[in-house]
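# Tertiary structure, described
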Amino acid sequence: MASIPKQKVAVIGGGGNVGASIAFALIAKGVPAEVLIVDLSDKAALGQALDISDASFTMPGTCRQASFKEAGQADVIIVTAGARQKPDEPRSNLIDRNYTIIKSIMDGLQPIKSTAKILLVSNPVDVLTHIAQTTSGLPREQVIGSGTYLDSGRLRNTLSDITGVSPTSIHAYMLGEHGDNQFTGWSSARIGGLPLLDHPKLLGLDLDSINQKIARKAYEIIEAKGSTYYGIGMCAAIIAEALLNNTSQVFPLTHYVANLGCYMSWPAAIGSSGVEQSFDVKLDSTETKKLDIAVKAIKEACAKYT
Ligand SMILES: NC(=O)C1=CN([C@@H]2O[C@H](COP(=O)(O)OP(=O)(O)OC[C@H]3O[C@@H](n4cnc5c(N)ncnc54)[C@H](O)[C@@H]3O)[C@@H](O)[C@H]2O)C=CC1
Ligand SMILES: CC(=O)C(=O)O
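Residues numbered from 1 in each chain as written. Chains lettered and ligands numbered in written order. Predicted model: local features only at pLDDT ≥ 70, side-chain atom pairs only at ≥ 80, totals over all residues. Heavy atoms only, no water.

Identification of the protein chain as L-lactate dehydrogenase from Coemansia pectinata is taken from an unreviewed UniProt entry. Per UniProt, the protein chain has the following entry under Sequence similarities (unreviewed entry): "Belongs to the LDH/MDH superfamily." (UniProt positions renumbered as here; feature names shortened; annotations may be inferred.)

Put into structure tokens, the structure is as follows:
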């Protein structure tokens, strides 16, 4: 019996920590895809591909090194290439270094499969998603960024510790920018159908300090071990799986938010056509001010680099 060809997921920058963690998570989750590792460093790509392929022998997915041209024909193209933060360096500082890298990668991938979805992970992810869309030639809905999905996971874990409820049953988002301007959507957060802030364990807590703790978590990890990669590894694998399997799941992701006129991180349902729906989250006046700050910062950076 002829086997069904596997869908392809390319990881550009897969020779590095984040790319390799995503590739490993795809294999370990049992995603039945062919994972293609691409990197400027052939040696790093080969090493990671060989190592991850060793993890695949009881799993439906496979992993191998590939070229930029092959990656352009993948169903999902994940981009993790580029510089990462030094201790205490904001993500926004990376734009000068990563802008040219993302532009050259989009050139190197051409011709890109017309139905491909690009998932940006490199930082600053919101601005780089905008740059990837304009340089890739793909429609807006097919180019997304991992946005604040990781930050929202950090939030849900923290709220789980406070309330004693599973993080999977807490519906709460970090929003706006995957950067220092991210903010918690407290007023829209729900737990068991109730407003989260009505939960007795939340009463009297310093919400700003929780928000700050989440926004600073990457800095804490980078200070302790140099970089972060396992959290985003799992998050990007989950997003890629939703795109491949056409699940219409909702994630807080970087995508083009039409009524704000820019790419930013906001809840969206995604499937095999990319972004299917963007949700108009209701904010209170404090959150609206924080959103304005995030949108202004993203728009200013996009205007400078396009
Ligand atoms: N969005 C998110 O939530 C997160 C984003 N990141 C970002 O991911 C990026 C990668 O971080 P790490 O993997 O830790 O860095 P790393 O230094 O371990 O890996 C980067 C890789 O990119 C490759 N590379 C550089 N230029 C390239 C090009 N033109 N084409 C192909 N490959 C190229 C390098 O050879 C290297 O293997 C950084 O920008 C970091 O800030 C990291 C964690 C979370
Ligand atoms: C590095 C980064 O963006 C993060 O871990 O959130």
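Among the nonpolar cores identified, the biggest contains 40 residues, and Ile12, Ile77, Val79 and Ile118 are the most heavily contacted of them. Residue contributions to this core peak at six residues, all from helix 4 (residues 95–109). Ignoring any residue separated from it by four or fewer positions in sequence, one finds Ile118 in contact with Ile77, Val79, Met106, Ile112, Ser136, Leu138, Gln142, Val143 and Ile144. If you look at the next biggest cluster of nonpolar residues, it comprises 37 residues, including Ala49, Leu150, Ile232 and Ala240. (Core = buried A, V, L, I, M, F, W, Y, C linked by side-chain atoms within 4.5 Å. Buried < 20%, exposed > 50% of the residue type's maximum accessible area, 1.4 Å probe, protein only. Helix = DSSP H or I, 4+ residues; strand = E, 2+ residues; numbered from the N terminus. Contact = heavy atoms within 4.5 Å.)

Mapped onto the present numbering, the UniProt feature "binding site: NAD(+)" (unreviewed entry) falls at Gly13, Gly14, Gly15, Gly16, Asn17, Val18, Gly19, Asp39, Asn98, Val121, Ser122 and Asn123. You can see Gly14 is positioned in the loop between strand 1 (7–12) and helix 1 (17–28). Not counting chain neighbours up to four residues away, the residues in contact with Gly14 comprise Gly19, Ala20, Ile37, Val38, Asp39, Gln48 and Thr80. Mapped onto the elements of the fold, Gly19 is located in helix 1.

Mapped onto this numbering, the UniProt entry annotates "domain: Lactate/malate dehydrogenase C-terminal" (unreviewed entry) at residues 148–303. Along residues 148–303 one finds 44% helix and 22% strand; the C-alpha atoms at either end are 22 Å apart.

This paragraph deals with unusual backbone geometry. A negative phi holds for most residues other than glycine; trans holds for most peptide bonds. In the segment running from Gln110 into Pro111, the intervening peptide bond is cis, with an omega of -5°. Secondary-structure assignment places Pro111 in the loop between helix 4 and strand 5 (117–120). Of note, the amide linkage connecting Asn123 to Pro124 takes the cis form, showing an omega dihedral of 0°. As for its placement among the helices and strands, Pro124 is situated in the loop between strand 5 and helix 5 (125–136). One non-glycine residue, Ser248, adopts positive backbone phi at about 60°. Mapped onto the fold, Ser248 is located in the loop between helix 9 (230–245) and strand 12 (249–257). The exposure class of Ser248 is partly exposed, given its relative accessible area of 36%.

Every residue near ligand 2 is listed here: Gln85, Arg91, Asn123, Leu150, Arg154, His178, Ala218 and Thr228. The separation between an oxygen atom of ligand 2 and a polar side-chain atom of His178 is 2.7 Å. Protein burial of ligand 2: of its 220 Å² of free accessible surface, 90% is covered by the chains. Looking at the shell around ligand 2 residue by residue, the class counts come to two nonpolar, four polar and two charged. (Near = heavy atom within 4 Å. Polar contact = N/O pair within 3.5 Å; in protein donor to acceptor, adjacent residues only side chain to side chain. Areas by Shrake-Rupley, 256 points an atom, 1.4 Å probe, with all protein chains shown as cover. Nonpolar A, V, L, I, M, F, W, Y, C, P; charged D, E, K, R; others polar.)

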